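# A look at the structure
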Amino acid sequence: MNNWNQQPGNNHYAENNGIPHSGNLLRDYRPQQGQQVQQFSPTSQGQQMSPRTGLLSSQWAQEPASPTMPQSGGGAQGWVSNTVQMVRGWSGKMAAIAGYRNQSPPPPEPLVLYHPSSAEMVEAKPKPWKRSRTLRLAMQRRHRREARGNHLRAAIIISLLLLLVILASSGSAYGYGYYQSQLPKVQDIANQRISQTTHIYDRNGVLLKDVYDNAGGGRRVPISYKDIPQVMQDAMIAAEDPTFWNNSGIDPQGILRAAICGGCSGGSTITQQLIKNMTGQNADSIINRKIPEATMAIGLTQQYPKWKILEMYFNVSPFGSQDMGVEAAAEEYFHLMPQCDKNFKCTPGIAQLDYNQQTHKNDPLLGLARATLLAAMPQNPLLYDPTLGPDQKQNALGRQVYVLSQMMANGISVDGLGPVTPDIAQKVSDLTAKMTFQRYTPSTKDPHFVQWVTDQLEQILGPDVLLNGGFNVRTTIDANMQDYVERAVKRHITQSDLQVFPYVHYATLNKDNNVNDAAVVVMNAKTGEVLAMDGSTDYNSNNPTVAGQNNVAVLPRQPGSTFKPIVYSTAFEQGWYPGMTLTDVKTYFPVPGYNIKPPTDYGGTYGGGDPTIRSALATSRNIPAIKALMFAGVDNVANMARRLGITALDTGVASYNAANHTNLTVGQRFGVSMALGTAEIPLIQMVGAYQVFANNGVRIPPQGILDVWDNYGNHLYHYTPPQGIRVLSPQVSFMMTSILADEPSRRPEFLNDHVLSFADQDPTCAVERVCAHPVAAKTGTTDDFKDNLTIGYTPDVVVGVWAGNADDEPFKGNVVGITGAAPIWHSVMERAVGYCPVDQDGTRGIACGNFNLGFTPQPFPSAPPGIHLASVSSATGLQGTGTQDWIFDGQDPMQPGVTGNPNKQPDNGGATPTPTPDQ
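Numbering of residues begins from 1 in every chain and follows the order in which that chain's sequence is written. The predicted origin of the model limits local features to residues at a pLDDT of at least 70 and limits the giving and counting of side-chain atom pairs to 80 or more, whereas totals for whole chains, interfaces and linings rest on all residues. Side-chain descriptors were evaluated using all non-hydrogen atoms of the structure, hydrogens and water having been removed beforehand.

### A word on the overall build of the chain
Each helix and strand in the chain was counted, giving 28 helices and 24 strands. Considering only contacts in the chain between residues 6 or more positions apart, those separated by 24 or more positions represent 71%. Carbon and sulfur atoms make up 52% of the accessible area of the chain, which totals about 40,300 Å². Counting from the N terminus, the helices are the DSSP runs of H or I reaching at least four residues and the strands are the DSSP runs of E reaching at least two. Contact criterion: two residues are considered in contact whenever any of their non-hydrogen atoms come within 4.5 Å of each other. The protein chains shown are the only cover counted for residues, whose accessible areas, like all others here, come from Shrake-Rupley with a 1.4 Å probe.

Here's what the structure looks like:
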């Protein structure tokens with residue numbers, strides 16, 4: 001324990017300013033051309049010494065508008081006169097050092113070298129050497145080594161003295177020329193930009209991730225001089241540069257101390273340390289480094305106010321092993337986080353240095369303890385970083401003792417405490433010793449979404465700007481909704497769940513059916529904003545079936561039957577309508593170069609009969625879908641997919657051609673099998689395609705970023721939802737929605753499983769084609785049982801779910817869209833529109849949380865002009881009766897068909913059934 005009631009002895013610490021870094025907050029602070037800069041003399045008449053700081057009573061801690069801020073002279077003449085005055089002062093200090101060494105009076109005139117008298121040079125006659133030869137040789141070698149060291153030190157001192165003489169000589173072209181040669185480097189420093197941390201937030205301001213250059217030394221958040229507490233300024237100046245406010249940028253005594261110790265580092269003022277950190281000077285020779293460093297420090301002091309130099313020092317210097325700048329250190333060591341408003345006008349954590357998080361009160365003793373610990377860091381960040389272990393903490397506590405002793409020696413006074421005394425210093429040491437320090441560990445909430453967003457930012461800004469630019473990015477995701485999605489995925493994949501199809505039973509998907517992974521995307525149907533994105537069951541899992549860090553939401557996978565609405569929409573544009581019939585029997589589709597077997601439906605069967613398009617899509621029959629694609633044309637279907645925002649068809653074919661040295665088109669690559677979803681498409685693009693159906697035919701691309709500010713509160717970007725591009729007619733969109741929301745038409749395939757509807761909230765939705773709370777949905781399962789999807793929407797929100805295995809292992813048992821992905825989809829969709837959903841067994845297996853996206857269940861818009869309900873033959877879909885469905889105005893079939901089967905369930909296009917002669 002330090003005994004602060006006794007005067008502490010000298011403390012010696014190796015000078016090490018840590019990792020050098022460049023920066024620029026100096027721009028716009030350089031005096032304007034022609035502006036008169038007031039010359040400052042520390043002995044100006046009328047200046048008084050401050051009883052608080054021991055410095056002149058001018059308002060040093062003011063912004064640049066302060067008339068009492070000490071400024072250095074400008075221009076060549078001012079520099080010369082200042083330099084002469086400065087060196088005259090130095091000569092007296094050098095003489096004092098010489099007098100201390102030789103116990104002789106100072107030389108009578110400045111810049112006159114001291115010559116000892118002849119009497120002083122007479123040495124006592126040495127006594128004869130009488131020791132052994134071996135000892136004599138050893139002593140001689142030692143003397144020679146010491147002589148060489150003395151010669152080196154003498155050479156350094158002489159060189160520095162010569163430099164001072166050169167700089168002091170107003171008529172020396174070399175001195176002024178050398179100074180002028182360094183000015184461009186000063187300008188380079190002024191134009192540099194410091195590396196800053198970028199922050200990624202959710203839509204409500206929840207921090208998701210800090211993004212910064214790992215090779216750049218650590219995190220950094222810039223702060224303004226006005227936000228740096230006075231106690232922090234005083235502690236740092238006392239520790240590193242007590243003459244900061246009135247020196248010219250260098251400390252000659254410090255330089256001489258460094259020279260006398262044989263070229264060791266040290267002797268640098270705060271301004272010199274700033275120069276070193278910003279230029280990265282690491283010359284082997286102390287002269288090669290110190291001379292330009294000192295010259296640029298003088299130039300920097302001439303051009304910029306002291307407060308700005310101190311601000312830069314606090315922002316540029318390393319304050320720990322991974323903290324660049326004092327703000328990052330305050331956040332890591334003391335958990336003092338910035339307080340920001342909705343526009344990211346932030347009060348930094350360092351401004352709250354004396355705030356006690358437990359008592360919620362300001363504590364000046366705590367502020368002094370934190371300030372003196374932070375002031376210890378720049379001298380050797382790796383040695384003093386208390387988060388690295390107990391040894392480093394003890395080193396930091398020892399360095400803090402030195403900082404406190406310097407504050408006492410300089411008569412520093414702290415608001416709320418008064419002058420720093422041994423008793424106060426002891427309390428500070430005891431308080432700091434009890435502190436615990438936890439190392440900052442980079443972490444990410446919602447990592448898949450964050451990576452998706454940062455990839456976009458990197459493409460727009462470039463990787464260097466993203467890592468070093470210092471942005472505050474407000475994204476579209478809702479962290480609460482994302483948490484619910486992640487819970488829903490784990491609940492339905494890893495826990496026992498009631499499965500209604502094909503028979504009622506309990507099963508755990510990852511154990512019983514080898515379904516281990518899942519991905520979810522939630523999107524606002526009106527704005528394209530992505531509200532949640534989960535790319536795997538467990539981000540931290542290394543199981544190859546999960547591969548947690550792979551974001552399946554953006555990786556190409558086969559969409560299966562969820563691609564069929566794109567096929568039928570293309571056919572609708574060419575005159576087809578939901579009431580048309582398509583024969584579903586075993587059919588071969590020969591394609592040149594391919595040997596394709598007849599496609600079957602789930603279970604290896606054919607539906608049979610002549611289903612309408614409504615029925616065929618609702619029950620996901622394959623033969624009718626291929627016939628629709630052949631009618632519409634593969635190229636036209638591919639174009640429709642492109643219009644809906646799907647780019648993966650082209651990128652996939654381009655990759656295939658590059659690997660196989662071919663030149664196939666999309667149609668040639670996939671052929672008629674594309675109708676069954678064999679072309680790999682990321683889930684995010686499929687959700688974007690369904691957004692068009694939900695938004696009445698208007699496409700708005702998926703969006704992940706709402707706002708971007710810089711670290712100074714400047715608003716750089718705001719997302720205003722666009723009007724969108726109409727890529728599908730309202731009539732075709734309505735027709736497709738009327739089919740996908742038709743729960744009774746799904747009954748032949750899914751029986752009593754109503755997981756694709758809101759029947760648990762509104763029972764009428766299970767039996768009526770039109771209910772108060774409709775939802776449209778489509779499932780899909782690939783032929784090899786490796787991909788399982790459900791995608792659906794309301795007028796407000798679109799939800800897509802993929803389930804499967806990251807390593808493409810096939811499922812086991814009875815897994816189709818309605819049993820794998822659909823239960824997850826159902827939970828997420830209901831929660832998105834404001835319900836707190838229950839599982840199939842009637843229990844709430846997922847905590848719903850307390851949040852509201854602003855969506856409510858509501859009916860889809862009514863039929864737009866241009867289509868009407870028409871009666872057609874239930875057997876042929878042509879002119880006749882038996883089926884009533886939507887058809888374009890003027891496109892009613894003119895050819896009569898066969899009278900419908902009276903036993904067949906009529907299709908009525910989602911409208912209230914109208915009696916017909918055949919019913």
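### Observations regarding the pairing of strand 12 (residues 517-524)
The cut-offs for exposure are 20% and 50% of the maximum accessible area for each residue type, with area from a 1.4 Å probe on protein chains only; residues under the lower value are buried, those over the upper are exposed, and the others partly exposed. When you tally the buried positions in strand 12, you get eight out of eight residues, the bulk of the element. Neither face of strand 12 is exposed, since Asp517, Ala519, Val521 and Met523 on one face and Ala518, Val520, Val522 and Asn524 on the opposite face are all buried. If DSSP finds at least two bridges between two strands, the strands pair. Examined bridge by bridge, strand 12 and strand 22 (residues 797-804) share eight bridges and lie antiparallel to one another. Paired with Met523 across the two strands is Val798, which belongs to strand 22. With four bridges connecting them, strand 12 and strand 13 (residues 530-534) associate as antiparallel partners. Among the inter-strand pairings, Val521 is bridged to a residue of strand 13, identified as Met533. Counting the residues between successive antiparallel strands, the hairpin from strand 12 to strand 13 contains five residues, one of them, Gly528, with a positive phi of roughly 80°.

### Thoughts on the nonpolar core
One broad rule of soluble globular proteins: the nonpolar side chains tend to lie buried together. Nine residue types can take part in a nonpolar core, namely buried Ala, Val, Leu, Ile, Met, Phe, Trp, Tyr and Cys, and a core is a set of them joined through side-chain atoms within 4.5 Å. In this structure, Tyr568, Leu649, Met674 and Tyr793 are the most contacted members of the largest nonpolar core, which totals 90 residues. Top contributing element to this core by residue count: helix 25 (residues 683-694), with nine residues. For Met674, the residues in contact, after removing those within four places along its chain, are Phe563, Leu629, Val634, Val637, Ala638, Leu649 and Val666.

### Digging into the state of the cysteines
A pair of cysteine sulfur atoms is labelled a disulfide when the two atoms are within 2.5 Å. With the rule as written, the count across this model stands at three disulfides. Paired by a disulfide, Cys340 and Cys346 hold their sulfur atoms 1.9 Å apart. Judged by the torsion about the S-S bond (110°), the Cys340/Cys346 disulfide is right-handed. Residue Cys340 is classed as partly exposed on the basis of its relative accessible area, which comes to 35%.

### Quick notes on the sheet that holds strand 21 (residues 787-793)
The five strands lie next to each other as 13-12-22-21-20, forming an open sheet whose pairing is antiparallel. Looking at strand neighbours, the two that pair on one side only are strand 13 and strand 20 (776-781), the edges of this open sheet. Mean inter-strand twist for the sheet, computed between neighbouring axes without regard to direction, equals 10°. The axes used here are C-alpha line fits, helices contributing only the stretch in contact, and every angle between their N-to-C directions lies in the interval 0 to 180 degrees.

### Considerations on helix 27 (residues 743-750)
For helix 27, the full list of buried residues reads Glu743, Pro744, Ser745, Arg746 and Phe750. For helix 27, the secondary structure elements touched by its buried residues are helix 20 (613-618), helix 26 (730-740) and strand 20.

### Here's the deal with the packing of aromatic side chains
In this description, an aromatic ring pair is defined by two values, namely the gap between the centres and the angle between the planes. What counts as a ring pair is set by centres within 6.5 Å for rings of Phe, Tyr and Trp (its six-membered ring), and what kind of pair is set by the plane angle: stacked under 30 degrees, edge-to-face over 60, tilted for all other angles. One pass over the structure, following the stated rule, counts 16 aromatic pairs. Centroid distance Tyr690 to Tyr793: 6.3 Å. Interplanar angle 70°. Geometry classified as edge-to-face. A residue pair is termed long-range when its members are at least 10 positions apart, and Tyr690 in helix 25 and Tyr793 in strand 21 qualify at 103 residues. With respect to class, Tyr690 is no different from Tyr793; both count as buried. Ring geometry for Tyr793 versus Phe860: centroids 5.8 Å apart, planes at 80°, classification edge-to-face. Here the residue Tyr793 occupies a position in strand 21, and Phe860 occupies one in the loop between helix 28 (822-832) and strand 23 (867-873), the gap between them amounting to 67 residues. Of the two residues examined, Tyr793 and Phe860, each falls in the buried class. These aromatic residues form a ring-pair network of at least three members: Tyr690, Phe693, Tyr793 and Phe860. The residue whose ring lies beneath Arg219 is Tyr440, and the NZ or CZ to ring-centre distance is 3.9 Å. Seen from the ring of Phe851, Arg831 lies directly overhead, with NZ or CZ sitting 4.0 Å from the centre. Only Lys NZ and Arg CZ are tested; either one counts as a charge over a ring when it is within 6 Å of the ring centre and within 35 degrees of the ring normal.

### Points about the sheet that holds strand 9 (residues 471-475)
The strand order across the open sheet built from five strands is 2-1-9-17-18, with neighbouring strands paired in mixed fashion. Every other strand in the sheet has two partners, leaving strand 2 (207-211) and strand 18 (715-718) as the edge strands with one partner each. Sheet twist, expressed as the average angle between the axes of neighbouring strands with direction ignored, equals 15°. As defined by bridge partners, strand 9 adjoins strand 17 (residues 705-710) across five bridges and the pair is classed as antiparallel. Within strand 17, the residue paired with Arg474 across the bridge is Asp707. Each of strand 1 (198-201), strand 2, strand 9 and strand 17 is contacted by helix 15 (residues 447-461), which is oriented at about 130° to strand 9, the strand it contacts most.

### Observations regarding the pattern of salt bridges
Note that side chains of opposite charge can pair when their charged atoms are close. Salt bridge criterion: a side-chain nitrogen from Lys or Arg within 4 Å of a carboxyl oxygen from Asp or Glu. The full count for this structure, using the stated rule, is 21 salt bridges. Between Arg491 and Asp839 there is a salt bridge, with its nearest N and O atoms 2.8 Å apart. Of this pair, Arg491 sits in helix 17 (residues 479-494) while Asp839 sits in the loop between helix 28 and strand 23, and the two are 348 residues apart along the sequence. Asp839 carries the same exposure label as Arg491, and that label is buried. Residues joined in a network through salt bridges with shared partners are Arg614, Asp742, Arg769 and Asp885.

### What to know about the packing of helix 19 (residues 564-573) against helix 26
At a closest axis distance of 10 Å, the pairing of helix 19 and helix 26 adopts a crossing angle of 135°. When the axes of helix 19 and helix 26 are compared, the pair comes out oblique. The crossing of helix 19 and helix 26 is right-handed. Contacts between helix 19 and helix 26 pair Pro565, Tyr568, Ser569, Phe572 and Glu573 from the former with Val732, Met735, Met736, Ile739 and Leu740 from the latter. Throughout, the term roughly parallel applies to angles under 35 degrees, roughly antiparallel to angles over 145, roughly perpendicular to angles from 65 to 115, and oblique to all others. Crossings are sorted by hand: turned counterclockwise from the far helix by less than a right angle, the near helix makes the crossing left-handed, and turned clockwise it makes it right-handed.

### Quick word on the packing of helix 19 against helix 22 (residues 634-643)
The description of two helices packed together rests on the angle between their axes and the distance between the axes. The interhelical angle for the contact between helix 19 and helix 22, taken along N-to-C directions, is 110°, at an axis separation of 9 Å. If you check the angle between helix 19 and helix 22, you find them roughly perpendicular. Residues Ile566, Val567, Ser569, Thr570 and Glu573 of helix 19 form the contact with helix 22, whose participating residues are Asn636, Val637, Met640, Ala641 and Arg643. Looking at the contact of helix 19 with helix 22, its residues break down into five nonpolar, three polar and two charged. Each residue is assigned to one class: nonpolar for Ala, Val, Leu, Ile, Met, Phe, Trp, Tyr, Cys and Pro, charged for Asp, Glu, Lys and Arg, and polar for all the others, Gly among them.

### A look at the environment of Val450
Inspection of the secondary structure puts Val450 in helix 15. A C-alpha to C-alpha distance of 7.5 Å links Val450 and Ile200, two positions 250 residues apart in sequence. Sequence-distant contacts of Val450, defined by excluding residues within four places in its chain, comprise Ile200, Leu208, Lys209, Thr444 and Lys445.

### Details of the confidence of the model for the chain
The predictor's confidence in any single residue is recorded as pLDDT, a number from 0 to 100. Mean pLDDT over the chain stands at 80; residues scoring 70 or higher make up 73%. Low confidence marks residues 6-126, where pLDDT is under 50. Its contacts with residues over four positions away, or in another chain, come to 211 contacts. In this model residues 910-919 is a low-confidence stretch, pLDDT under 50, and it forms 19 contacts with partners more than four residues away in sequence or in other chains.

### Side note on the side chain of Asp787
Examined against the element boundaries, Asp787 turns out to sit in strand 21. For Asp787, a relative accessible area of 5% gives the class buried. In terms of polar contacts, Asp787 uses its side chain to reach the side chain of Arg557, at 2.8 Å. Those residues in contact with Asp787, other than ones at most four positions away along the chain, are Arg557, Gln558, Gly780, Thr781, Thr782, Trp802, Ala803 and Phe811. Here a polar contact means two N or O atoms within 3.5 Å. Within protein one must be a hydrogen donor candidate and the other an acceptor candidate, and residues neighboring in sequence count only if both atoms are side-chain atoms.

### Section: helix 25
The end-to-end C-alpha distance of helix 25, which contains twelve residues, comes to 16 Å, matching closely the 16 Å that a straight helix rising 1.5 Å per residue would cover. Most of helix 25 sits inside the fold, with twelve of its twelve residues counted as buried. Those residues of helix 25 that fall on the buried side of the exposure criterion are Leu683, Ile684, Gln685, Met686, Val687, Gly688, Ala689, Tyr690, Gln691, Val692, Phe693 and Ala694. With its phi angle positive at about 60°, Asn696 sits one or two positions after the end of helix 25. A helix's residues, less one, multiplied by 1.5 Å, set its expected span.

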